[in-house]
Amino acid sequence: MNWLTRLIPSIGLKRDSGLSKSKIPEGLWNNCPACDAILYEPELKKSLYVCPKCDHHLRIGARTRMSIFFDGGGFHELATKITTKDILKFKDTKSYGQRIKEAVTTTGEEEAIIIGKGKLEGAEIVVAAFEFRYMGGSMGGAVGTKFVQGVDEAIVSKVPFICFSTSGGARMQESMVSLMQMAKTSAALEKLKAAKLPYISVMIDPIYGGVSASIAMLGDINIAEPNALVGFAGRRVIEQTVRVDLPEDFQKSEFLLEHGAIDMIVHRHDLRLKVSSILSKLYPQK
């Protein structure tokens, strides 16, 4: 790669077989995991982290997603300072406490979910967004508590609730405490339903396990991004259990839409307006 190609940001360079990721300047260039094109980070940000070459939706953090979704990128964060307690003193190759510290350092977040209140096309909403980089977006006691507080705020304020789910499932380091969050969050959504307030679930690649089996699939409208992997158990686990070769697109959002498991697939560029349009019909605000 010569000096001229380094200065041209938007030509979608193909990465040579001998060019490693470590040679891509950090913070300036990114590469598409689908087509391997090298992309200029400022332009990728403008495209909402959708590859301009192959339309692949790159994974983004919860706070970035919030800034994209809310009007003007601004929101008031709720349910802060709720942190995980290592009540079981769990330890595998590392202690649970050490894993939590590493996750906080890596992401800058207190937990694997962020709750925010703001406006979408002028209408007030409450939004929950999972942070996959924080221990795979796994749901433990603190995540469940933050989610419930977000639902409670939506009920008090009489506004819709929206959740962006991306998770590996229940957090094994918390054992039954983690599994209990499936029931706790589902019960909170029943309270939201009783208050006649809409709940929109948006599933982001990847979403598995206890989160997909509870809050992710309980929306009044269930939306997924294109090519998002959505399921309970992983593909290989299912194939080894039932001894059946699964279709190539199994668990992709397109497969789920075809088989009636979700309501629609929405491109990231269209998501704000689509959700706003749905809410204007389900719960018009003056």
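Residues numbered from 1 in each chain as written. Predicted model: local features only at pLDDT ≥ 70, side-chain atom pairs only at ≥ 80, totals over all residues. Heavy atoms only, no water.

### Details of the sheet that holds strand β9 (residues 221-224)
By definition, the strands of a sheet pair up through backbone hydrogen bonds, in either a parallel or an antiparallel sense.
Then, number 1: Taken together, seven strands build an open sheet; the order of strands is β4-β5-β6-β7-β8-β9-β10 and the sheet is mixed. Each edge of the open sheet is held by one strand with a lone partner, namely β4 (76-78) and β10 (264-265).
Then, number 2: Two strands pair when backbone bridges link them, and strand β5 (residues 113-120) and strand β6 (residues 123-130) are joined in this way by eight bridges, in the antiparallel orientation. Residue K117 lies in a different strand from β6, and its bridge partner there is V126.
Then, number 3: Across the sheet, helix α10 (residues 271-282) lies against β5, β6, β7 (161-167), β8 (199-207), β9 and β10, angled at about 175° from β9, the strand it touches most. (Pairing = 2+ DSSP bridges. Helix = DSSP H or I, 4+ residues; strand = E, 2+ residues; numbered from the N terminus. Contact = heavy atoms within 4.5 Å. Axes fitted to C-alpha atoms, helices over the stretch in contact; angles between N-to-C directions.)

### Topic: the packing of helix α5 (residues 141-157) against helix α6 (residues 175-194)
Then, number 1: At their nearest, the axes of α5 and α6 sit 9 Å apart, and the two run at 5° to each other. Between α5 and α6, the crossing angle belongs to the class labelled roughly parallel. Listed contacts from α6 to G141, G144, T145, F147, V148, V151, D152, A154 and I155 of α5 are V177, Q181, K184, T185, A188, L189, K191 and L192.
Then, number 2: In terms of residue class, the contact of α5 with α6 is made up of nine nonpolar, five polar and three charged. (Parallel < 35°, antiparallel > 145°, perpendicular 65-115°, else oblique. Nonpolar A, V, L, I, M, F, W, Y, C, P; charged D, E, K, R; others polar.)

### Description of the pattern of salt bridges
Then, number 1: Counting across every chain of the model gives 14 salt bridges.
Then, number 2: The salt bridge involving R272 is made with D71; its shortest N-O contact spans 3.2 Å. Of this pair, R272 sits in helix α10 while D71 sits in the loop between α3 (62-69) and β4, and the two are 201 residues apart along the sequence.
Then, number 3: Exposure remark for R272: the relative accessible area of 22% places this residue in the partly exposed category.
Then, number 4: Judged by its relative accessible area of 26%, D71 falls in the partly exposed class.
Then, number 5: A salt bridge links K191 to D152; its shortest N-O distance comes to 3.4 Å. (Salt bridge = Lys/Arg side-chain N within 4 Å of Asp/Glu carboxyl O. Buried < 20%, exposed > 50% of the residue type's maximum accessible area, 1.4 Å probe, protein only.)

### Remarks on unusual backbone geometry
Then, number 1: The amide bond that connects D205 to the next residue, P206, takes the cis arrangement and shows omega of -10°.
Then, number 2: Mapped onto the elements, P206 comes out in strand β8.
Then, number 3: Even without being a glycine, D36 presents a positive backbone phi close to 70°.
Then, number 4: Take D36: it is sitting in the loop between β2 (29-31) and β3 (37-40).
Then, number 5: Of the residues examined, D36 reaches a relative accessible area of 27% and is grouped as partly exposed.
Then, number 6: If you check the backbone angles, N227 has positive phi at about 60° while not being a glycine.
Then, number 7: Within the element layout of this structure, N227 appears in the loop between β9 and α8 (235-242).

### Thoughts on the state of the cysteines
Then, number 1: What the rule picks out here adds up to zero disulfides.
Then, number 2: With no disulfide partner, C32 has as its closest neighbouring cysteine sulfur the one in C54, 3.6 Å distant.
Then, number 3: Taking the relative accessible area as the measure of exposure, C54 reaches 35% and is therefore partly exposed. (Disulfide = S-S within 2.5 Å.)

### So, helix α4 (residues 96-107)
Then, number 1: Relative to the 16 Å expected for 12 residues at 1.5 Å per residue, α4 spans 16 Å between its end C-alpha atoms, a close match to the ideal helical length.
Then, number 2: Among the residues making up α4, those that are buried are Y96, I100, A103 and T107. An end-on view of α4 places all buried positions within 65° of arc, on one side of the element. Residues of α4 that are exposed and point over 90 degrees away from its buried face: K101, T105 and T106.
Then, number 3: The positive-phi residue at the C-terminal boundary of α4 is G108, with phi of around 75°. (Expected span 1.5 Å × (residues − 1). Arc of directions from axis to C-beta.)

### So, the confidence of the model for the protein chain
Then, number 1: Summarising the model, the protein chain shows a mean pLDDT of 90, and 90% of its residues fall at 70 or more.
Then, number 2: Note on residues 1-22: pLDDT is under 50 here. Beyond four places in sequence and across chains, it has 31 contacts. (pLDDT = per-residue confidence, 0-100.)

### Structural notes on the packing of aromatic side chains
Within a pair of aromatic rings, the relevant descriptors are the distance that separates the centres and the angle that separates the planes.
Then, number 1: If you walk through the whole model with that rule in mind, you get seven aromatic pairs.
Then, number 2: For the ring pair F69 and F70, a centre distance of 6.5 Å and an interplane angle of 70° mean the geometry is edge-to-face. There is no split in this pair, since F69 and F70 are both buried.
Then, number 3: Through successive ring pairs, a cluster of aromatic residues spans F69, F70, F75 and F164.
Then, number 4: Looking at R59, its charged tip hangs above the ring of F132, at a distance of 5.4 Å from the centre. (Phe/Tyr/Trp six-rings, centres within 6.5 Å; stacked < 30°, edge-to-face > 60°. Lys NZ or Arg CZ within 6 Å of the ring centre and 35° of its normal.)

### What to know about the nonpolar core
Soluble globular proteins tend to pack their nonpolar side chains together in the buried interior.
Then, number 1: Counting residues in hydrophobic clusters, the biggest one holds 41 residues, and the most contacted among them are F147, F161, L189, L192 and Y199.
Then, number 2: Listed by contribution, the elements that provide at least two residues to this core are α4, β5, β6, α5, β7, α6, β8 and α9 (253-258).
Then, number 3: The element that contributes the greatest number of residues to this core is α5, accounting for six residues.
Then, number 4: Not counting chain neighbours up to four residues away, the residues in contact with L192 comprise V151, A154, I155, F161, L197, P198 and Y199.
Then, number 5: One finds M66, I114, A129 and L279 within the second-largest nonpolar core, a separate group that totals 21 residues. (Core = buried A, V, L, I, M, F, W, Y, C linked by side-chain atoms within 4.5 Å.)

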